[in-house]
Every structure is written in C-alpha cells, then in structure tokens.
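Chain residues, written in single-letter form:
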Amino acid sequence: MNSTPDTARRSAPDAARRSAPDAARRSALTAARRTTELTALADGDAVDIVVIGGGITGVGIALDAASRGLSTVLVEKHDLAFGTSRWSSKLVHGGLRYLATGNVGIARRSAIERGILMSRNAPHLVHAMPQLVPLLPEMNRASRALVRTGFIAGDGLRRLAGTSASVLPCSGRVSAARAAELVPAVRRGGLDGALLAYDGQLIDDARLVTAVARTAAQHGARILTRVAASDATGTSVRLTDQFTGESFDLTARAVINAAGVWAGELDGAIKLRPSRGTHLVFDAAAFGNPTAALTVPIPGALNRFIFAMPEQLGRVYLGLTDEDAPGPIPDVPQPTPAEVKFLLDTVNTALATTLGPDDVRGAYAGLRPLIDTGEGSTADVSRDHAVVESDNGVLSVIGGKLTEYRYMAEDVLNRAVAQRGLAAGECRTRNLPLVGAPENPVSADQVAALPESLVARYGAEASNVFAAATCDRPAEPVADGIDVTRAEFEYAVTHEGALTADDILDRRTRIGLVAADRERAAAVAAELI
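Residues numbered from 1 in each chain as written. Predicted model: local features only at pLDDT ≥ 70, side-chain atom pairs only at ≥ 80, totals over all residues. Heavy atoms only, no water.

*Asks:* Give a description of the overall build of the protein chain that names residues and reports values.
*Replies:* Secondary structure assignment for the protein chain yields 15 helices and 20 strands. Counting only C-alpha atoms and orienting by the principal axes, one finds that the protein chain spans roughly 70 × 60 × 50 Å. Looking at the protein chain as a whole, 56% of its 529 residues qualify as buried. Looking at the protein chain alone, contacts between residues at least 24 apart form 71% of all its contacts between residues at least 6 apart. Approximately 21,000 Å² of the protein chain is accessible, and the part contributed by carbon and sulfur atoms is 52%. When the 55 basic and 61 acidic side-chain charges of the protein chain are each reduced to a single mean position, those positions are 5 Å apart. (Helix = DSSP H or I, 4+ residues; strand = E, 2+ residues; numbered from the N terminus. Buried < 20%, exposed > 50% of the residue type's maximum accessible area, 1.4 Å probe, protein only. Contact = heavy atoms within 4.5 Å. Areas by Shrake-Rupley, 256 points an atom, 1.4 Å probe, with all protein chains shown as cover. Lys, Arg positive; Asp, Glu negative; His and termini not counted. Charge placed at Lys NZ, Arg CZ, Asp CG, Glu CD.)

Put into structure tokens, the structure is as follows:
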C-alpha cells in the first residue's frame, strides 16, 4: 500500500529514532572498544591506512580514509586533541590575514573550508562571531581605512567561497553606543564608533577533534588513544599500548605521519619551526560580559591584532602571540611572562579599566607546526602545508592550519591512494556532517527544551547525553557555577573516548583551563571514570 504524505512525514522521525541507537553505538569511543580493536590488530589484522597523531589533521585523515571505504587505524600516544589542536584561538579563520599578505591561495582555501564547516560539516560547532574594532583616537585615518578595506575584502572572500550572508553577515560600521553594548568594557573616551566584521568561532577546538574522531569511528575507523607509534615505514609500524606496555607490529598499505609539531620524531628529515601562540583566560565579567570579540590592533604592526573573545563557561580568551619556540618540544607548552605582559598591555589600550595579572584566571600556549623556511619572523612564515615522503616510505603532512584540516586530509589521502594503488572511493568529506550536526544526530529527540550550553556543545545529539546517562543526579552541575553536568562527564567516558580524569577536565570539557575550577570538578571526574 502506498503511504500518504502525512504517513511519510510521521514515519521519517520514527525511522530516525530506530536508527539512533545504532548510530550512537557506531560512533561511541569507549575503553572496551579500544581493547577489542587493539586485540584484533595484535592478532594480525592488516589494514589499508595507519594514521599517527590524534590532533585535528590526524582525525581528519582518518575520517576521509574511512569514508572512502578504506580500513583505517588512528593511533595517538596521549589523548585526542592533546597537542596543538586544543590550544588554538577557537576560530575558523576566513583567510583575511593571508589575503593582506598576498597569499591568495591560502586565503581562498580558508574561506572555502570555513564555509564548508559552518554550512555542512559542523554548523552545530561553528557560528558567526562578531569582531569589533573600536575607533579610538590612537587609530589614525589611514589605519581605519586599511581595516575597513580589509573587512570589505573579507566580504568578497565570503561571497567567493559561496557562504551565505545568513551564515556569516556582512561587515559594516556601528555607533559608539552599539559598540559599548557589544563590548561593555570598551573605552568610551573619544570612541568614534567601531568597525564590525564576522568570522567563524568554534564552541571549542578539542570538541571539533572529538566530533571528527567519532564520525570516523562511525564509518569504521579504529581510533586508539594511549597507543604510541615507533619504527614506522611506508608499510608497517610498531604500536605500544601505553597502559599495558605490550607492543606489536602492524602491517598497512600506507602509513601517514600527522604528528604535528612532533612529526620530526618519526622522520628526522622533517624540519619544522615551531611558533608559540599564547592566550590568557578571564572571567567574562572582566570585559562586561561581551557578545563580540574586542579586536585591538597591535601597535607598530601591520594587519596584526589581538582578540578578546567571549567563550563558553562564562570566560573570555585573550590572544594571541606569535613567538619563536626553538628547542625540544614540550608536551604542554607554557606562556612566558613577556607574552602575558604584551597581551595585557595591548588590550588595555582599548579598555575603560586596566586589567592586570590578578585578573588572569588561567593561561595556555600552543605550538604551530610551521614549515621551516629559514627566513623572517614566525608571524611572516607561510601557514601553507606540505605532503612529503620519507626515504622509508612514510607520508607526512606538515604545516597547515586548523581551518584547512579537511583539505589537508584530502590532499594526503589522494596521494596515498594514487601511490599505493588503493581501491578507494572519491573524497566525501565536503558534504559529510559530523556527529551532532542536524543531518547526523545520534539522537532523534528534540533539543529545544535542553540547556543552551548543552546544545552548543553537542548539537543534535544533546538529548542523548541525558538519555544515555546512568550516573546519579545526571542534570546536576559538576560544581557550583560551572554549567557542565554530571551526565556530560559520563558521556565523555561512554561515548567520547575519555580514559582518564584529565581527558574529561582538560579536553572533553575545558574546565581545566582555570586551575581553581579544575580542582572543584576533579572529584566528579574521578568518580565517573
């Protein structure tokens, strides 16, 4: 019997609800799944692709490979987003800075990739963020004209990339009163309005990494954290379980090094020039609870700014620096006192009140894996990426930037497929929604009645966080004044691959960026592990 239109409309949600448990199961990263998959590999399973590195580039490669039908394993020595991928500005840049320096290729690609993320891959995680440049007396007419011209060029990039103005509004000028509404802490004396533009803002970079990793798992990839890689060749790698110490050799048709700033540890011929970018963390109240990013020109620099950006958990992140970071690569880079002073001194030029070290609640620093050209300051080094092959056949992807992770993954996978004769489909990731996107929910229930902060972090699967909870008092905050629930901590363990309390506090949530908040929530994290 043929269905009526009304019947069809009713049956579609029912089908989605029936498929939701299976989708949740396939995307869930758990300790049990890790053990099962490690055991199968140790027993001699051969695979098409091994990816080394669990940052945004590595998980992007794993998703691309798995969605092409390739058997894929990703290994990460620590945790997902352990390195640079959790230390960014949480921005999906449209490439305006690169256009200003004449690098049209990166600018155009960045704008295209931003549009793909905002419109198709992760509209639940990336939203338009207003960036406010206050027109204060220190900013002369030439500087104002330069910024306005840049913003107009940014509008052009958006249109060139095919991103709708409904997704990313056009730039313009606003009054002094409107500027003060958007950033209440802005200095009012001599304020002649402000220039306003928009860019993409992530709810969190580590959450993007987790979403990509889970989507890769949904397509069959094996995502294995706390597994170290060594003795890599183009067709094999030795894997060591960091928990048990057990090692085994894994055979693959292609091995891809996506270890970021640590890429040289797998291939000594790779020469990178790490650049440190530092951010400070404030209570949002210090900036008057802004709804736009305060964007302040760096004195004496052309087309460089710092940003005070409103973030989740009632915080503002202030960044960022660009400093040479030679020497051994630390697991967790640290800001320097000079960087802290630079950021405070610069932002204070645009504030009505002076912020000092006592206002800083936390700080973090990350290392950009720049390709070493041997010239200029790190701020001037290209953010382009490269795919190189070592003498032993390992393919490495180096350089690049978070916004272009999908493009970088496609580039290195195309090369691996061509060189190794892999039977793979075409790249699908341009139109592949990540877990939590409206087209890829692991829960078909409505999210409208749920807390706004929960929906911001989980998108269309937000209701599943509570539906899957088995802990006591799932809707209770993990600590007073922190809008993260006990159910979210449990979900990090049952669906998002968290294996330790640190994974929960420092990467699945960003509570750990403020030491005092971390201490208050630590007991709940330990309980739910």
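*Asks:* Kindly report on the packing of helix α3 (residues 56-67) against helix α10 (residues 405-420), identifying the contributing residues and their values.
*Replies:* Remark: α3 packs on α10, axes separated minimally by 8 Å, with the N-to-C direction vectors making an angle of 55°. The orientation of α3 with respect to α10, classified from their angle, is oblique. Here the hand of the crossing between α3 and α10 comes out right-handed. Along the contact surface, α3 presents Ile 56, Thr 57, Gly 60, Ile 61, Asp 64 and Ala 65, while α10 presents Tyr 405, Met 408, Ala 409, Glu 410, Val 412 and Leu 413. (Axes fitted to C-alpha atoms, helices over the stretch in contact; angles between N-to-C directions. Parallel < 35°, antiparallel > 145°, perpendicular 65-115°, else oblique. Left-handed = near helix turned anticlockwise from the far one by under 90°.)

*Asks:* Tell me what's going on with α10, and back it up with residues and numbers.
*Replies:* Taking 1.5 Å of rise per residue, the 16 residues of α10 would be expected to cover 22 Å, and the 22 Å separating its terminal C-alpha atoms lies within 8% of that figure. Every buried residue of α10 is listed here: Tyr 405, Arg 406, Met 408, Ala 409, Val 412, Leu 413, Ala 416, Val 417 and Arg 420. Burial along α10 is one-sided: seen end-on, the buried residues are contained in an arc of 160°. Of the residues trailing α10, Gly 421 is marked for its positive phi of about 65°. (Expected span 1.5 Å × (residues − 1). Arc of directions from axis to C-beta.)

*Asks:* Quick one: what's the story with the environment of Ala 293, residue by residue and with numbers?
*Replies:* Among the secondary structure elements, Ala 293 is positioned in strand β12 (residues 293-297). You can call Ala 293 buried: its relative accessible area is 0%. Between the C-alpha atoms of Ala 293 and Val 133, which are 160 residues apart in sequence, the distance is 8.6 Å. Not counting the four nearest positions on each side in its chain, Ala 293 is found in contact with Met 129, Pro 130, Gln 131, Leu 132, Ala 308, Met 309 and Pro 310.

*Asks:* Please provide a residue-by-residue account of the pairing of strand β9 (residues 236-241), values included.
*Replies:* Sheet topology places strand β8 (residues 227-230) next to β9; 4 bridges connect them, and they run antiparallel. In the strand pairing of β9, Val 227 is matched with Asp 241. Two successive antiparallel strands, β8 and β9, enclose a turn made up of 5 residues, where Asp 231 displays a positive phi of approximately 50°. Relative to strand β10 (residues 247-257), β9 is paired through 5 bridges, and the arrangement is antiparallel. Counted as the bridge partner of Arg 238 is Asp 249 from β10. Between β9 and the antiparallel strand that follows it, β10, lie 5 residues; Gly 245 among them carries a positive phi value of about 80°. (Pairing = 2+ DSSP bridges.)

*Asks:* Explain the nonpolar core to me, and be specific about the residues and the numbers.
*Replies:* Grouped together as the largest cluster of nonpolar side chains are 50 residues, with contacts concentrated most on Ile 49, Ile 61, Leu 208, Ile 223 and Leu 413. A total of 8 residues in this core trace back to one element, the largest contributor, which is helix α8 (residues 205-218). Among the nonpolar cores identified, the runner-up in size contains 30 residues, and Ala 292, Ile 298, Ile 306 and Leu 351 belong to it. (Core = buried A, V, L, I, M, F, W, Y, C linked by side-chain atoms within 4.5 Å.)

*Asks:* Now, about the side chain of Ser 275: what can you tell me, with residues and values included?
*Replies:* As for its position among the elements, Ser 275 is in strand β11 (residues 272-283). Residue Ser 275 is classed as buried on the basis of its relative accessible area of 0%. A polar contact is formed between the side chain of Ser 275 and the side chain of Asp 322, at a distance of 2.5 Å. (Polar contact = N/O pair within 3.5 Å; in protein donor to acceptor, adjacent residues only side chain to side chain.)

*Asks:* Tell me about the confidence of the model for the protein chain, and name the residues and values.
*Replies:* Do not read the fine detail of predicted coordinates wherever pLDDT is low. Averaged over all residues, the pLDDT of the protein chain equals 91, while 92% of them reach at least 70. Note that residues 1-18 has pLDDT below 50 and, in this model, 5 contacts with residues that lie over four places away or in other chains. (pLDDT = per-residue confidence, 0-100.)

*Asks:* Any chance you could break down the packing of aromatic side chains for me, citing the residues and the numbers?
*Replies:* Counted under the stated rule, the structure contains 4 aromatic pairs. Note on Tyr 458 and Tyr 491: the rings are 5.8 Å apart at their centroids and 85° apart in plane angle, and the pair reads as edge-to-face. Here Tyr 458 is found in helix α11 (residues 452-458), whereas its partner Tyr 491 is found in helix α13 (residues 486-494), with 33 residues between them in sequence. Since its relative accessible area comes to 1%, Tyr 491 is described here as buried. Grouping aromatic residues by their ring pairs yields a cluster made of Trp 87, Tyr 317 and Tyr 364. The side chain of Arg 86 reaches across the aromatic face of Phe 82, ending 5.0 Å from its centre. Between the NZ or CZ atom of Arg 207 and the centre of the ring of Tyr 458, over which it lies, the distance is 4.4 Å. (Phe/Tyr/Trp six-rings, centres within 6.5 Å; stacked < 30°, edge-to-face > 60°. Lys NZ or Arg CZ within 6 Å of the ring centre and 35° of its normal.)

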